[in-house]
Amino acid sequence: MNFPQFAFNNVRRNARAYIAYFLSSAFMVMVFFAYSVFIYHPEIANNDMGPMAAMSMRVAAYIVYVFAFFFVLYSIGSFLKSRNLEFGILSILGARPSQINKLIFLENMLIGIVAIATGIAGGMLLSKLFLLFSTKTIGIEDLPFYWPTKAMLVTSLSFISLFLVISIFTLLFIRKNNVLELLQGNVKPKQQPKASLLHSLLGAVLLAIGFYALRMELSPFAIILAAVTGITGTYFFYSQLSVFFIRLLQRSRRSTWRGTRLLWISEMSYKLRDNSRMLFLITVVTALASMGAGVVLAINQNGKELYTGEPFAITQTYFRTSSTEPDRSIIHQELKAAGVEYTETRTDTLYASVLNEAGSKNVLLIGISQYNELAPLIDLPAVTKLGSNEAVLLASPEVERDDYIHNRMVTLDEQPSVSLYIKESVTTDSIEFMTSIIPLLIVPESWMETVRVAKLAEEGKEFKPNIDYYYKVPAWDTGSLPSISSQETRVGTKLSKWNVDMEGKSEEVFHLTSRGATYISLKQSTAMLSFVSIFVALIFSVASASFLYFKLHSELAADIRMYRALSKIGLSTREMAASATKQIAVLFYIPIVVAAVQSLVVITPILSEMGIMHVLKPVLITFATYLILQSVFFIIVKSRYIRSLKKMMV
């Protein structure tokens, strides 16, 4: 038997230990190859969104590659530590350090080459499905299948280089160990876990600083401070706080000395300390991936809510136009060409300032007659009558009405000598299409002219209100979301492009928005990010499960000795299985729980700053998906682990 055969037999006989590492590596190669198939597709350049989609895929491929490097490095390091006894025996039998290095190098490259071949083969089988799924998700034209020679070459060279560099680098792991240390392997007695009270308090303080940094005024400094303290505090949470908590729990005989609790709780203190770096890494990676996915889902959900909450298909706003009847012929032309019935409603609005103790706040004024024309279209009651100094205030739930109303009176900076009596104050979401951050004040027509004249005197030039035209198309109000090929989207996209083309070319200053075009544009952007994040999150999930499997497998020999000894003094197989299951469950699920809390804490203020208030649902959806995936891996790993333990029970 020559040396390559010896390396091959080592891998084959340790297949159970290498299988998770091999499959995870092959999965990463497959995802990287799938992204490359898309990036180098010859039809991408001919599509409007193709270059942007390819760039997103390229960024995702870089993320996968960088993560694969650290994953492979960590995995090989874990395997080498678990094989110390084997290397010690080889040294006693006369193997030189160079021969052991050669053996490790050949084994790593063998697994790497097979993983590359398997990943590319799997990617080829799924490439057509991947292209179909990606185009449907992103919203571009279907890409035909092609023979991805360049993608195969790039993937092969990239991962061969990765395994080659890491195989050379990992030879440093065993050079500092003498034969005695190698022979002891993993049977050296472990010292009892200890937690520093000072370090535990430091971890709690760092987590608290990270939490409150995001509750202050949001700024780049606050975000960086929260990231640094949060990540550092998470490490101390696993290495110190968790061990400290278990040590306190062990002191309570009433809660700990029952059944097998003492056994699995005592073991957990060792496992949490030994796996603190791994749990910390899994938590940070999961939290980062989930934050990205949660933000994308929240933005997508907000886009749906904005579309369904917008009562008008098209809105055109003229800012202080010189014409009393601005030209809207292009809109009328496109709507008539589409063959749909529509209504056009005009509003003239003015911005005014409300005086209060803290200074002044803006408010939007609209005349009662124009409001009454608009009210039935947005499901609001009409205002029947207003006195000469009366008004009705409408505000969205986000607006603090006490900042505007004092003793049921509102005083405008433009007319401070006379206050308006607020006849009625209504909180409603129906005006968010017009204004969401400031209230809408319905006033008599005479007050519109009073404020206009006051602003004219203030600015010293002609001052005209903003003119808005709202177009309601009953045929498009179906209650469902539009598709990229729907009539509303096509007409809206055409008008939006016309609006962009007319910027700077017209004497009128105007802005046109289409709810359908806006929704589709946002959907395509978030769909692209969602598609990329799905596969990145899958890799992180598979890799985290592999990390846990590696650690459990490396500790299997010690656990077998412990449970075998306990079985001789009466520990049953059922009690062993229950104890082992609880320990594995803690290792699998505690990073998910911690990452979920961190994601919620971090993205809530960030999304609130973006005007997105509904954060809980996207975060829960993201972590429900992670929980399902983790549960599948947990069941597989737990069953294999307990099956190995059962074989050694007396």
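Up top you'll find the structure we're talking about.
Reading the values: the criteria
- Residues numbered from 1 in each chain as written.
- Predicted model: local features only at pLDDT ≥ 70, side-chain atom pairs only at ≥ 80, totals over all residues.
- Heavy atoms only, no water.
- Helix = DSSP H or I, 4+ residues; strand = E, 2+ residues; numbered from the N terminus.
- Buried < 20%, exposed > 50% of the residue type's maximum accessible area, 1.4 Å probe, protein only.
- Contact = heavy atoms within 4.5 Å.
- Areas by Shrake-Rupley, 256 points an atom, 1.4 Å probe, with all protein chains shown as cover.
- Salt bridge = Lys/Arg side-chain N within 4 Å of Asp/Glu carboxyl O.
- Patch = residues over 30% accessible without salt bridge, like charges linked within 9 Å, V, L, I, M, F, W, Y side chains within 5 Å.
- Lys, Arg positive; Asp, Glu negative; His and termini not counted.
- Charge placed at Lys NZ, Arg CZ, Asp CG, Glu CD.
- Arc of directions from axis to C-beta.
- Pairing = 2+ DSSP bridges.
- Phe/Tyr/Trp six-rings, centres within 6.5 Å; stacked < 30°, edge-to-face > 60°.
- Lys NZ or Arg CZ within 6 Å of the ring centre and 35° of its normal.
- Core = buried A, V, L, I, M, F, W, Y, C linked by side-chain atoms within 4.5 Å.
- Axes fitted to C-alpha atoms, helices over the stretch in contact; angles between N-to-C directions.
- Parallel < 35°, antiparallel > 145°, perpendicular 65-115°, else oblique.
- Left-handed = near helix turned anticlockwise from the far one by under 90°.

Q: Report on the overall build of the protein chain, specifying residues and quantitative values.
A: In terms of regular secondary structure, the protein chain is built from 20 helices and 9 strands. For the protein chain, with 650 residues in total, the buried portion stands at 48%. Long-range pairs, those at least 24 residues apart, make up 82% of the contacts in the protein chain between residues at least 6 apart in sequence. Here the protein chain has roughly 32,400 Å² of accessible surface; of this, 63% comes from carbon and sulfur atoms.

Q: Pulling in residues and values, what's your account of the pattern of salt bridges?
A: What the rule picks out here adds up to 8 salt bridges. Here Arg328 makes a salt bridge to Glu344, at a shortest N to O gap of 2.9 Å. With Arg328 in the loop between β1 (314-318) and α13 (329-337) and Glu344 in strand β2 (residues 343-356), this pair connects stretches of sequence that are 16 residues apart. When its relative accessible area of 31% is taken as the criterion, Glu344 is described as partly exposed. A salt bridge links Lys494 to Glu334, with the nearest nitrogen and oxygen atoms 3.3 Å apart. Of this pair, Lys494 sits in helix α16 (residues 487-501) while Glu334 is found in helix α13, placing the two residues 160 residues apart along the sequence.

Q: An account of a nonpolar patch on the surface is requested, with residue identities and associated values reported.
A: Taken together, the side chains of Leu125, Leu126, Leu129 and Leu132 make up a nonpolar region of the molecular surface, amounting to roughly 420 Å² of accessible area. With respect to the helices and strands, Leu126 occurs in helix α5 (residues 97-138).

Q: A description of a positive patch on the surface should follow, citing residues and the corresponding values.
A: A cluster of basic residues, Arg640, Arg643, Lys646 and Lys647, forms a positive patch at the surface. On the secondary structure map, Lys646 appears in helix α20 (residues 616-646).

Q: Would you mind going over α13 in detail, with residue names and values included?
A: All of the buried residues along α13 are Ile330, Ile331, Glu334 and Leu335. Take α13 and look down its axis: the buried residues cluster within an arc of 125 degrees, on one side only. Of the residues in α13, the exposed ones pointing more than 90 degrees away from the buried face are Gln333, Lys336 and Ala337. Packing partners of the buried residues in α13 comprise β1, β8 (466-472), α16 and β9 (510-514). In the stretch just after α13, Gly339 is the one whose phi turns positive, near 75 degrees.

Q: Any details on unusual backbone geometry? Residues and values, ideally.
A: Of note in the backbone geometry, Asp379 takes a positive phi value of approximately 60 degrees without being a glycine. Here Asp379 shows up in the loop between α14 (368-374) and β4 (390-395). When its relative accessible area of 71% is taken as the criterion, Asp379 is described as exposed.

Q: Please set out the pairing of β4 residue by residue, giving values where relevant.
A: Taken across its 6 residues, β4 has 5 buried, putting it largely inside the fold. Sheet analysis places β4 next to strand β6 (residues 420-427), joined by 6 bridges and oriented parallel. Bridge pairing in β6 places Ala395 opposite Thr427. Pairing analysis gives 3 bridges linking β4 to strand β7 (residues 440-443), with the strands arranged antiparallel. Of the residues in β7, the one forming a bridge with Leu393 is Leu441.

Q: Explain the packing of aromatic side chains residue by residue, including any values.
A: Considering all chains together, one arrives at 13 aromatic pairs under this definition. What links up through ring pairs into an aromatic cluster is the set Tyr318, Tyr469, Trp498 and Phe510. Above the ring of Tyr469, the side-chain terminus of Arg328 is found at 4.1 Å from the ring centroid. One residue, Lys472, lies across the ring of Phe312, its end atom 5.8 Å from the ring centre.

Q: Go over the nonpolar core with me, naming the residues and quoting the values.
A: Residues Tyr21, Tyr35 and Phe71 are the most contacted members of the largest nonpolar core, which totals 95 residues. Within the second largest apolar cluster, 41 residues are counted, among which are Phe312, Met434, Val451 and Tyr470.

Q: Outline the environment of Phe69, supporting the account with residue identities and numerical values.
A: With respect to the helices and strands, Phe69 occurs in helix α3 (residues 50-82). For the pair Phe69 and Phe163, spaced 94 residues apart in sequence, the C-alpha to C-alpha distance is 8.2 Å. The residues touching Phe69, leaving out its near neighbours within four places in the chain, are Leu162, Val165 and Ile166.

Q: Please give an account of the environment of Ala557 that cites residues and values.
A: Structurally, the position occupied by Ala557 is in helix α18 (residues 556-568). Counting along the chain gives 87 residues from Ala557 to Ser644, while the straight-line C-alpha distance between them is 9.7 Å.

Q: So what about the packing of helix α12 (residues 276-309) against helix α19 (residues 573-609)? Which residues, and what values?
A: Their axes nearest at 8 Å, the elements α12 and α19 cross at an angle of 40 degrees. The angle between the axes of α12 and α19 places the two elements in the oblique class. When you trace α12 past α19, the crossing you get is right-handed. Of the residues in α19, those touching α12 at Leu279, Ile282, Thr283, Thr286, Ala287, Ser290, Met291, Gly294, Val295 and Ala298 are Leu587, Pro591, Ile592, Val594, Ala595, Gln598, Ser599, Val602, Ile603 and Leu607.

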